[in-house]
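# What the coordinates show
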Amino acid sequence: MSTAAPRVLSGIQPTADSFHLGNYLGALRQWVALQDTHDAFYCVVDMHAITVEHSPEALRRRSKVAAAQLLAMGVDPERSTLFVQSHVPEHAELAWVLGCITGYGEASRMTQFKDKSAKYGASATSVGLFTYPILMAADILLYTPEPGKGQRLQVPVGEDQRQHLELTRDLAQRFNHRFGETFVVPEAYIPETAAKITDLQEPTIKMSKSASSPQGIVEVLEDPGPMRKKIMRAVTDTGTEIVFDAENKPGISNLLRIYAALEGVPVAELERRYAGHGYGQLKKDLAQLLVDTFTPIRERTERLLADEKQLDRILADGAARAGAVAARTMEVVRERVGFVGRDR
């Protein structure tokens, strides 16, 4: 039985100028914690970001801002491998190989593709968007541990990514069956502390850059003034009692969920603390907690972006470490599928 720490792979798209509160509480804070227990690979997935129309200049800037935010939040390049997806060309190579063992029907059943293609229309839907889940599978399987050694491969996933992980598992098993044991079949990792945060203005929907209005999102790099205003203007519910009731009081329940996650206390404790108080006091205290949490992250991000050469060095080092693992995986994959070896 292997005593090696499980390997974990997770990525985030650089499609905005700042991560938001939902990203932070739903995933990114867990990335920091996983460094203590896992062999962690974290990726800014810029190749995924070009599946829809984009600005090249914005993509370059946002990729660095994303990496700087991750470092500012506590991702430690000495304890994990942080890199930009396009810096490791094996991602695209493995995606092609996996695409050749993926059925058209399998790919077309992916819920996210159906949703996004319906949103953008057939004429604006790219083949890249269709094959997005296959590239995601390649992102994961490229960092497979060696099979048979007992080391596990885990992927933090939310509900919206479960179907993609299932496809990845199917492709790993299919490849192993056809070509020999090559990939460790990945497992879902569901952090117990991950919080599901909803829109401040429409608390029945997930907080999301694509679905939320600007007033419904708290951004990590936001200045304190706008951050406070968004919390103070957050939609609440009828009545004045501060109790968690997701069905009947979705607005106040979302604020309690955010508060509990940031402070690390049970919601029930907050209900006791604010018994007899109005919504205004809860919002005021939550706004201050958010400012206290995100101001140091914003300031560290700004310092990292001001020293661009150092940030580039960190990403180059991460790409070299990720690339070494990816190269070993692809060497096996090429041999297994029958590609002619190349003399060096």
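Rules and cut-offs
- Residues numbered from 1 in each chain as written.
- Predicted model: local features only at pLDDT ≥ 70, side-chain atom pairs only at ≥ 80, totals over all residues.
- Heavy atoms only, no water.
- UniProt positions renumbered as here; feature names shortened; annotations may be inferred.
- Domains from an automatic or database assignment.
- Contact = heavy atoms within 4.5 Å.
- Buried area = accessible area lost by both parts, 1.4 Å probe.
- Salt bridge = Lys/Arg side-chain N within 4 Å of Asp/Glu carboxyl O.
- Polar contact = N/O pair within 3.5 Å; in protein donor to acceptor, adjacent residues only side chain to side chain.
- Helix = DSSP H or I, 4+ residues; strand = E, 2+ residues; numbered from the N terminus.
- Nonpolar A, V, L, I, M, F, W, Y, C, P; charged D, E, K, R; others polar.
- Buried < 20%, exposed > 50% of the residue type's maximum accessible area, 1.4 Å probe, protein only.
- Pairing = 2+ DSSP bridges.

Per an unreviewed UniProt entry, the recorded name for the protein chain is Tryptophan--tRNA ligase, and the organism is Thermomonospora cellulosilytica. The UniProt entry for the protein chain carries this comment under Subcellular location (unreviewed entry): "Cytoplasm". Per its UniProt entry, the protein chain bears the Catalytic activity (unreviewed entry) comment "tRNA(Trp) + L-tryptophan + ATP = L-tryptophyl-tRNA(Trp) + AMP + diphosphate + H(+)".

### Examining the domain arrangement of the protein chain
For the protein chain, the assigned domains are domain 1 (7-194 + 308-337) and domain 2 (224-303). Computed over C-alpha atoms, the centres of domain 1 and domain 2 are 32 Å apart. Listed by partner, the interface residues are eight residues for domain 1 and nine residues for domain 2. For domain 1, the biggest contributors to the area lost against domain 2 are Leu-21, Tyr-24 and Ala-72; these three give 55% of the whole. There are zero salt bridges connecting domain 1 and domain 2. Between the two partners, domain 1 and domain 2, sit two residue pairs in polar contact (both at pLDDT 80 or more). Those elements that provide at least two residues to the side of domain 1 that touches domain 2 are α1 (21-34) and α2 (56-73). Classifying every residue of the side of domain 1 that touches domain 2 gives six nonpolar, one polar and one charged.

### Observations regarding the pairing of strand β3 (residues 80-84)
The buried count for β3 comes to five of five residues, which makes it a mostly enclosed element. Here β3 shows a buried face lined by Ser-80, Leu-82 and Val-84 and a second buried face lined by Thr-81 and Phe-83. In this structure, strand β2 (residues 39-44) lies alongside β3, joined through five bridges in parallel fashion. Considered in β3, the bridge of Val-44 is made with Val-84.

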